[in-house]
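Next come the chains, spelled out residue by residue.
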Amino acid sequence: MGQEKVVDSYKLSDLEVAGLDSDNFCGLPEVFTQKSMPVHKGNIPCSKDLQRWSHLRDIKMPEINADVDLLIGTNVPQALEPWEVVHAANGGPYAIKTILGWTVNGPLRGDNQISDQCLQPDITVNRISVARLDELWENQLKVDFPENLQDEQPGQSREDKRFIESVSESAKIIDGHYSIGLPVRQKYLKMPNNKSVAEQRALSLKRRLNKDPSFCSDYIAFMTKMLADGYAERVPAEHLTCRDGRVWYLPHHGVYHPKKKKLQVVYDCGATFQGTSLNSQLFQGPDLTNLLVGVLTRFRKEPVALMADIEAMFHQVRVPAEDSDLLRFLWWPDGDCSQELVEYRMMVHLFGATSSPSCACFALRKCAEDNQ
């Protein structure tokens, strides 16, 4: 699988295929030829095989005396779309009817008696990649000029483009700070109620706070400052009963910086409940950080270079009100663990969300563009 080699091939266009007893034709994309196919006739089911399974006996499988001469991949979804399904029974195979006829999948021969045509010592994996002359020429140029590999604006994936569209539409300035909506994958997102997970994690955190006074003091100081700075707020009473599917509770824990010995509260956006998590519902976004090579090169342009640091960079980017309930968390008022847990919500992008680095860098770049 790791090797690449050049093989001669013809490229065929405008091919169409149909089932043996059907007039429903299916067009194929460009097809590449190969001298031999890594498939044997023993892999082809026949009527005799189907008779072994009572649930498949009504399926008509036409037979022709020919080798396998065409492989159709998943880039032709029309050929693989199920029209009818006969479900598996008694540990046997299942059958799917497509535009090209019936296909059978699963343990076809229950007693493992495989025909002689199907016996072979090795399993082969076939991988086809297409080499184009212009791409080969570009790769050769990159070998001759390796600095060209340091591209500060790499191509964006489809998900990256959707991220940029989402944050560009929602970006606005509120009270001197940029506000950017969470780049969710689904516009009308519906999340399950995972409050029980957050409560369970809060009890675990409570035990550690009670055991370690120093950790407890740092944790309370961090949360108190975060609330005082307006990065988080207590959920208003009228929003506590919100059941529109856009509520998610984030467990949190404390991590000390290895050098600064400073506590940072991190929100577990990857915590799952009923098969989903906040991070799985967010676009990560492209890496918008300038490459160090470009930064160092631009140092040569002017006689003086300036460097600055943004304090709590993620927290400088606000979250609109309609997204803040996806960032709820549980905490004790004034850090008093003897009281009941209270619901709070973040009003800014936070540490732990997969989208936060790209959102913060996007806001920084937009600030530069808007004020150039």
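Use the structure listed above.
Worth saying up front: this structure is predicted, and the values here are computed from it rather than measured.

(A) Inspection of the overall build of the chain at higher detail. Each helix and strand in the chain was counted, giving nine helices and 14 strands. Across the chain, every contact between residues at least 6 apart in sequence was considered, and the portion connecting residues at least 24 apart equals 68%. In the structure as shown, the chain presents an accessible area of about 25,100 Å², 51% of it carried by carbon and sulfur atoms.

(B) Expanded view of unusual backbone geometry. A positive phi angle, close to 65°, is found at D14, a residue other than glycine. Along the polypeptide, D14 turns up in the loop between β1 (11–12) and β2 (16–17). By relative accessible area, which is 75% here, D14 ends up exposed. The phi dihedral of N90 falls on the positive side, at around 55°, and the residue is not glycine. A relative accessible area of 73% places N90 in the exposed class.

(C) View of the pattern of salt bridges. For the structure shown, the criterion picks out 11 salt bridges. Of the charged contacts in the structure, one is a salt bridge between E159 and R185, with a shortest N-O distance of 2.8 Å. In this pair, E159 sits in helix α4 (residues 158–170) while R185 sits in the loop between β9 (177–179) and α5 (195–211), placing the two residues 26 residues apart along the sequence. Looking at E159, the relative accessible area reads 40%, which means it is partly exposed. The shortest N-O distance in the salt bridge between E233 and R345 comes to 2.7 Å. A residue pair is termed long-range when its members are at least 10 positions apart, and E233 in strand β10 (residues 232–234) and R345 in strand β14 (residues 342–346) qualify at 112 residues. The class of E233 is partly exposed, set by a relative accessible area of 26%. Look at R345 and you get buried, because its relative accessible area is 6%. Taken together, the salt bridges that share partners define one network made up of K195, E233, D325, R328, E343 and R345.

(D) View of a nonpolar patch on the surface. Taken together, the side chains of Y10, L12 and L15 define a hydrophobic patch exposed on the protein surface, amounting to about 310 Å² of accessible area. Inspection of the secondary structure assignment puts Y10 in the segment before β1.

(E) Representation of the packing of α4 against helix α9 (residues 356–370) in the model. The N-to-C vectors of α4 and α9 enclose an angle of 55°; their axes lie 11 Å apart at closest approach. Here α4 lies oblique to α9, going by the angle between them. Judged by the sense of rotation from one axis to the other, the crossing of α4 with α9 is right-handed. Residues F163, I164, V167 and S168 of α4 lie in contact with α9, whose contacting residues are S358, C359 and F362. In terms of residue class, the contact of α4 with α9 is made up of five nonpolar, two polar and no charged.

(F) Broad picture of the sheet that holds β10. With respect to topology, three strands assemble into an open sheet ordered β10-β14-β13, the strand pairing being antiparallel. At either end of the open sheet lies a strand with only one pairing partner, and these are β10 and β13 (328–331). Taking each pair of neighbouring strands and ignoring which way they run, the sheet shows an average axis angle of 35°. Note: β10 against β14, three bridges, orientation antiparallel. Looking at β14, one finds that E233 is bridged to R345. In the packing of α5 onto the sheet, the strands contacted are β13 and β14, and the crossing angle to β13 comes to about 35°. Sheet strands touched by helix α6 (residues 213–228): β10, β13 and β14. Its angle to β13, the strand with the most contacts, is close to 130°.

(G) Structural detail: the environment of L288. Its location among the elements puts L288 in the loop between β12 (263–267) and α7 (292–298). Residues L288 and L364 lie 76 residues apart in sequence; the distance between their C-alpha atoms is 9.8 Å. Excluding its chain neighbours within four sequence positions, the residues that come into contact with L288 are S358, C361, F362 and R365.

(H) View of α9. When the terminal C-alpha atoms of α9 are compared, their 21 Å separation across 15 residues agrees well with the 21 Å that a helix rising 1.5 Å per residue should span. Along its buried surface, α9 packs onto α4 and β9.

(I) The arrangement of the side chain of T98 in detail. With respect to the helices and strands, T98 occurs in strand β6 (residues 94–98). T98 sits in the buried class, given a relative accessible area of 7%. Not counting chain neighbours up to four residues away, the residues in contact with T98 comprise A79, L80, E81 and W83.

(J) Summary view of α5. Compared with the 24 Å implied by 1.5 Å per residue over 17 residues, the 25 Å span of α5 between its first and last C-alpha is a close match. Burial in α5 covers these residues: V197, A198, A202, L205 and L209. All buried residues of α5 project into a common sector of 130° when viewed along the axis, lining one side. Among the exposed residues of α5, those oriented more than 90 degrees off its buried face are Q200, R207, N210 and K211. Those residues of α5 that are buried are in contact with α6, β11 (252–256) and β13.

Conventions used here
Residues numbered from 1 in each chain as written. Predicted model: local features only at pLDDT ≥ 70, side-chain atom pairs only at ≥ 80, totals over all residues. Heavy atoms only, no water. Helix = DSSP H or I, 4+ residues; strand = E, 2+ residues; numbered from the N terminus. Contact = heavy atoms within 4.5 Å. Areas by Shrake-Rupley, 256 points an atom, 1.4 Å probe, with all protein chains shown as cover. Buried < 20%, exposed > 50% of the residue type's maximum accessible area, 1.4 Å probe, protein only. Salt bridge = Lys/Arg side-chain N within 4 Å of Asp/Glu carboxyl O. Patch = residues over 30% accessible without salt bridge, like charges linked within 9 Å, V, L, I, M, F, W, Y side chains within 5 Å. Axes fitted to C-alpha atoms, helices over the stretch in contact; angles between N-to-C directions. Parallel < 35°, antiparallel > 145°, perpendicular 65-115°, else oblique. Left-handed = near helix turned anticlockwise from the far one by under 90°. Nonpolar A, V, L, I, M, F, W, Y, C, P; charged D, E, K, R; others polar. Pairing = 2+ DSSP bridges. Expected span 1.5 Å × (residues − 1). Arc of directions from axis to C-beta.

Read these as layout, nothing more, since geometry by itself doesn't imply function.
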